[in-house]
Amino acid sequence: MLPPLSLPLSDEAATLALGARIALSVGPGMSIHLSGELGSGKTTLARGLLRALGHAGKVKSPTYSLVELYPLSRLDLYHFDFYRFHDPKAWLDSGFREHFNERSLCLVEWPEKVGDLLPAPDLRITLVVAPHGRDATIEAFTESGRRCLRSIAEQASRSARNAAD
Ligand SMILES: Nc1ncnc2c1ncn2[C@@H]1O[C@H](COP(=O)(O)OP(=O)(O)OP(=O)(O)O)[C@@H](O)[C@H]1O
Ligand SMILES: [Mg+2]
């Protein structure tokens, strides 16, 4: 077991940068849950990740569409937002399960709205509003999730060392 990693995010740029760090170690077949209250920065994190994976256009919040697909060179990225799901059975009717496959990377905002029916994530990132901006907590649940978490932790300690120099 790897302990969860907690990182302070002082502004929007820090949230985007965490997304970019995550992008360096993700791959197809993974799923990442983005938890946290309304406005905590989940879509911002997704935007940082998408830009770092080569998406040059806009990143819209999928609150109304429920899902946005980004066909990238390395993988298909599905960005879900289940805020408007009020009944977990809606998940069964949606047909979204097939998007969780070995070719795709799935980012899921509001996974709690689907509950146990949702495929288990490799990583869960929880964002909390704090006086200094946001706090992120990153937890890994699979081997590829743990690989990601180790890479993010190494990058974070390297940038903390550089800042101290
Ligand atoms: N580390 C941060 N410090 C301060 N503000 C931030 C930080 N990260 C993101 N924000 C700001 O928080 C606001 C909400 O961000 P965002 O839309 O990404 O939240 P969300 O969690 O996706 O919300 P929702 O639950 O409605 O989908 C934006 O204005 C964004 O710039
Ligand atoms: Mg959002």
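Throughout what follows, the structure given in this document is the object of discussion. Keep in mind the model is a prediction, meaning the values are calculated, not measured.

Notes on the pattern of salt bridges
Part 1 of the argument: A complete count under the given rule lists 5 salt bridges for this structure.
Part 2 of the argument: R146 is paired through a salt bridge with E143; the nearest N and O atoms lie 3.3 Å apart. Highlighted residues: R146 and E143, both in helix α4 (residues 143–164), separated by 3 residues, approximately one helical turn.
Part 3 of the argument: With a relative accessible area of 22%, R146 lands in the partly exposed category.
Part 4 of the argument: For E143, a relative accessible area of 45% puts it in the partly exposed group.
Part 5 of the argument: What you see here is one network of salt bridges that share partners, running through E143, R146 and R150.

Considerations on the coordination of the magnesium ion (ligand 2)
Part 1 of the argument: Around the magnesium ion (ligand 2), the protein contributes the donor atoms T43 (OG1) and E109 (OE), at 2.1 to 2.2 Å from the metal centre. Of this pair, T43 sits in helix α2 (residues 42–52) while E109 sits in strand β5 (residues 104–109), and the two are 66 residues apart along the sequence.
Part 2 of the argument: What makes E109 buried here is its relative accessible area of 3%.

With respect to helix α1 (residues 12–23)
Side chains of residues three or four places apart in an α-helix project in the same direction, reflecting 3.6 residues per turn.
Part 1 of the argument: In this model, α1 (12 residues) spans 17 Å end to end at C-alpha, consistent with the 16 Å of a helix rising 1.5 Å per residue.
Part 2 of the argument: Along α1, the positions that sit buried rather than exposed are T15, L16, L18, G19, I22 and A23. All buried residues of α1 lie within an arc of 155° about the axis, which places them on one face of the element.

Details of the packing of α1 against α4
Part 1 of the argument: Taken N-terminus to C-terminus, the directions of α1 and α4 make an angle of 130°; their axes are 9 Å apart at the nearest point. With respect to each other, α1 and α4 are oriented oblique. The handedness of the crossing between α1 and α4 is right-handed. On α4, the residues touching L18, R21 and I22 of α1 are C148, I152, Q155, A156 and S159.
Part 2 of the argument: Of the residues contributing to the contact of α1 with α4, the split by class is 5 nonpolar, 2 polar and 1 charged.

Description of the packing of α1 against α2
Part 1 of the argument: Orientation of α1 relative to α2, taken along the N-to-C sense of each, is 50°, at an axis distance of 7 Å. Between α1 and α2, the interaxial angle falls into the category oblique. Remark: the crossing between α1 and α2 carries right-handed chirality. Listed contacts from α2 to E12, T15, L16, L18, G19, A20, I22 and A23 of α1 are T44, L45, R47, G48, L49, R51 and A52.
Part 2 of the argument: Taken together, the residues that form the contact of α1 with α2 break down as 8 nonpolar, 4 polar and 3 charged.

Quick notes on the side chain of Q155
Part 1 of the argument: Residue position: Q155 is located in helix α4.
Part 2 of the argument: For Q155, the residues in contact, after removing those within four places along its chain, are R21 and L24.

Considerations on the pairing of strand β6 (residues 123–130)
Part 1 of the argument: Judged from the 4 bridges that link them, strand β2 (residues 31–35) and β6 form a sheet pairing that is parallel. Note that in β6 the partner of H33 across the bridge is R124.
Part 2 of the argument: Pairing between β6 and strand β7 (residues 133–140): 8 bridges, direction antiparallel. Pairing of V129 across the sheet is with R134, part of β7.
Part 3 of the argument: A loop of 2 residues connects β6 with β7, the two strands running antiparallel in sequence.

Reading guide: rules and limits
- Residues numbered from 1 in each chain as written.
- Chains lettered and ligands numbered in written order.
- Predicted model: local features only at pLDDT ≥ 70, side-chain atom pairs only at ≥ 80, totals over all residues.
- Heavy atoms only, no water.
- Salt bridge = Lys/Arg side-chain N within 4 Å of Asp/Glu carboxyl O.
- Helix = DSSP H or I, 4+ residues; strand = E, 2+ residues; numbered from the N terminus.
- Buried < 20%, exposed > 50% of the residue type's maximum accessible area, 1.4 Å probe, protein only.
- Donors = N, O, S within 2.8 Å, 3.2 Å for Na, K, Ca; no water.
- Expected span 1.5 Å × (residues − 1).
- Arc of directions from axis to C-beta.
- Axes fitted to C-alpha atoms, helices over the stretch in contact; angles between N-to-C directions.
- Parallel < 35°, antiparallel > 145°, perpendicular 65-115°, else oblique.
- Left-handed = near helix turned anticlockwise from the far one by under 90°.
- Contact = heavy atoms within 4.5 Å.
- Nonpolar A, V, L, I, M, F, W, Y, C, P; charged D, E, K, R; others polar.
- Pairing = 2+ DSSP bridges.

Purely spatial values, then, with no claim about function.
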